[in-house]
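Analysis of the macromolecular model
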Amino acid sequence: MMATPSRCAPSSPVVRDEREQPMTAVGSKCKVCKGPAVIDLPRHNAKFCAEHLQQLCRRQMAKAIDDFDMLSPDDRILVAVSGGKDSLAVWDMLIEAGYHADGLYIGLGIGDYSNDSGGYVQRFADERGLQLQTIDLRDEYGYDVPTAARATKRVPCSACGLSKRRLFDQAALDGGYDVLVTGHNLDDEAAVLFGNTLRWDIEYLARQLPVLPAGNGFPKKVKPLVRLTEREMAAWCLVRGIDYVVEECPIAAGNRHLSYKESLNAVEANSPGAKASFYLGFLERMAPLLAGMTAAATGDLNDCSRCGSPTTGDVCAFCRLVEKSSAHEPVPVEMLLTRGGKVRR
């Protein structure tokens, strides 16, 4: 199902990252064809031109799909898209590889950031003739993420993550999709694993897998980018001409996940390939020992008394979130920010 690559162009554009810094030194040569390189990948001890970068990304995604039995050629796929590089890249890669994949975007109500993100997703879908579904939290559930953060007195990322997980899952089930795809990459998974290991959170460690099978009211969920980094996905988008939202979410400041990424980046800088060894080693050697330790595996799930979704209690967390947040006066995103751009707690 892999697309047939074209021959290398005699010259390649200089690819710059989100800080407008070149991704490789001027005059660098591609390891494969010796043409001008656009990116230096220390973990592969190699530099690549645009075409051979794309070949690398295709191979790594195909290997993840094959190794973990993620997708079948006839699967109906729903891709969770945010407007960022990873979700748009994985949608692009799946379509290029011949899969049938629709997109789902959730409007979280985070001011101009959400408006801009939705615009990138809509243009991406329109330009390629792809099917895109959208859900607006405020219109359909009576709240948005800034309001939920204030109503629950918790960090915005908590309400954001809970809302997205539930709505993506429900859309996949209601739409009859075989699998839900997310754009989590190697950096994401390594950072989450780092945090869960620091806390020795067995429940989360046991389910931090590239594939979660369907069952107990959940759809099958897969992460085809677990062998690819943020930097590689940014380069994919740049050489493929994919526009995406570059700015970080304005209310994600202080998110522990970001600090875990920074710590692992420092390790990676001194020991290229460390993140891949950490995460892929966990999957190979530790994850099998944790199999069967999740609430779903032990049969500790009930049906929510309100919506029927799986939960460990009587009323699921999402229903409680909707009840509390929809009754709260709307809170503009600016109300969560201090003058220095930090998030108010």
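A few points on the structure. As the structure is a computational prediction, the values presented were derived from the model and not from experiment.

**Structural notes on the overall build of the protein**
Across its full length, the protein carries 12 helices and 10 strands. The 345 residues of the protein split such that 47% are buried. Sequence separation of 24 or more characterises 70% of the internal contacts of the protein that already satisfy a separation of 6 or more. Accessible surface computed for the protein: about 17100 Å², of which carbon and sulfur atoms make up 50%.

**Looking at the packing of helix α1 (residues 50-67) against helix α9 (residues 230-240)**
Their axes nearest at 10 Å, the elements α1 and α9 cross at an angle of 130°. Taken together, the axes of α1 and α9 are oblique relative to one another. Our pair here, α1 against α9, has a crossing hand that is left-handed. For the pair α1 and α9, contact is made by A50, L53, Q54, C57 and R58 and by E232, M233, A235, W236, V239 and R240, respectively. The residue makeup of the contact of α1 with α9, split by class, is seven nonpolar, one polar and three charged.

**Side note on the pattern of salt bridges**
Enumeration over the complete set of coordinates arrives at 17 salt bridges. Residue K275 is joined to D187 by a salt bridge in which the shortest nitrogen-to-oxygen separation is 2.5 Å. Highlighted residues: K275 in helix α11 (residues 274-290) and D187 in helix α7 (residues 186-199), separated in sequence by 88 residues. Owing to a relative accessible area of 7%, K275 belongs among the buried residues under this scheme.

**Describing the environment of A159**
Mapped onto the elements of the fold, A159 is located in helix α6 (residues 156-174). Separated by 51 residues in the primary sequence, A159 and L108 place their C-alpha atoms 9.8 Å from one another. Those residues within four positions of A159 in sequence are excluded, and the remaining contacts are A148 and L321.

**Observations regarding a nonpolar patch on the surface**
A cluster of nonpolar residues, W200, I202 and M293, forms a patch on the protein surface that exposes about 330 Å² of accessible area. Tracing the backbone through its elements, the reader meets W200 in the loop between α7 and α8 (202-206).

**Here we look at the packing of helix α5 (residues 145-152) against helix α12 (residues 317-326)**
Contact pair α5 / α12: the axes reach a minimum separation of 9 Å and the direction vectors enclose 90°. With respect to α12, the axis of α5 lies roughly perpendicular. Of the residues in α12, those touching α5 at T147, A148, A151 and T152 are L321, K324 and S325. A per-class count over the contact of α5 with α12 returns three nonpolar, three polar and one charged.

**What about the side chain of Q54?**
Within the secondary structure layout, Q54 lies in helix α1. When sequence neighbours within four positions are dropped, the list of residues in contact with Q54 reads W236, V239 and R240.

**Quick look at the packing of aromatic side chains**
Under the defined criterion, the tally for this structure stands at three aromatic pairs. Each ring, one from W91 and one from F124, has its centre 5.3 Å from the other, and the planes form 40°; the classification is tilted. Placement of W91 in helix α2 (residues 85-96) and of F124 in helix α3 (residues 111-128) is noted, with a sequence separation of 33 residues between them. Accessibility assignment for this pair places W91 and F124 in one class, buried. Here Y141 and F318 contribute two aromatic rings whose centre-to-centre distance is 5.5 Å and whose plane-to-plane angle is 75°, an arrangement assigned as edge-to-face. Placement of the pair is Y141 in helix α4 (residues 137-141) and F318 in helix α12, with a sequence separation of 177 residues. The exposure class assigned to F318 is buried, which follows from its relative accessible area of 6%. The ring of Y177 carries R76 above its face, with NZ or CZ at 4.2 Å from the centroid.

**Thoughts on the nonpolar core**
If you look at the biggest cluster of nonpolar residues, it comprises 59 residues, and the most contacted ones within it are L71, I77, V79, W91 and L94. A total of seven residues in this core trace back to one element, the largest contributor, which is α1. Setting aside residues up to four positions removed in sequence, L71 forms contacts with I65, I77, L94, Y99, V179, V181 and V222. Formed by 33 residues, the second largest nonpolar core is a distinct cluster that contains I110, L137, A149 and C160.

**Points about a negative patch on the surface**
Taken together, the side chains of D112, D116, E247 and E334 define an acidic patch exposed on the protein surface. In this structure, D112 sits in helix α3. Look at D112 and you get exposed, because its relative accessible area is 60%.

**Description of the side chain of D86**
Secondary-structure assignment places D86 in helix α2. One polar contact links D86 to N185, side chain to side chain, over a distance of 3.0 Å. What D86 contacts, discounting residues up to four positions off in sequence, is G183, N185, D188, L225, E230 and M233.

What counts, and at which threshold
- Residues numbered from 1 in each chain as written.
- Predicted model: local features only at pLDDT ≥ 70, side-chain atom pairs only at ≥ 80, totals over all residues.
- Heavy atoms only, no water.
- Helix = DSSP H or I, 4+ residues; strand = E, 2+ residues; numbered from the N terminus.
- Buried < 20%, exposed > 50% of the residue type's maximum accessible area, 1.4 Å probe, protein only.
- Contact = heavy atoms within 4.5 Å.
- Areas by Shrake-Rupley, 256 points an atom, 1.4 Å probe, with all protein chains shown as cover.
- Axes fitted to C-alpha atoms, helices over the stretch in contact; angles between N-to-C directions.
- Parallel < 35°, antiparallel > 145°, perpendicular 65-115°, else oblique.
- Left-handed = near helix turned anticlockwise from the far one by under 90°.
- Nonpolar A, V, L, I, M, F, W, Y, C, P; charged D, E, K, R; others polar.
- Salt bridge = Lys/Arg side-chain N within 4 Å of Asp/Glu carboxyl O.
- Patch = residues over 30% accessible without salt bridge, like charges linked within 9 Å, V, L, I, M, F, W, Y side chains within 5 Å.
- Phe/Tyr/Trp six-rings, centres within 6.5 Å; stacked < 30°, edge-to-face > 60°.
- Lys NZ or Arg CZ within 6 Å of the ring centre and 35° of its normal.
- Core = buried A, V, L, I, M, F, W, Y, C linked by side-chain atoms within 4.5 Å.
- Lys, Arg positive; Asp, Glu negative; His and termini not counted.
- Charge placed at Lys NZ, Arg CZ, Asp CG, Glu CD.
- Polar contact = N/O pair within 3.5 Å; in protein donor to acceptor, adjacent residues only side chain to side chain.

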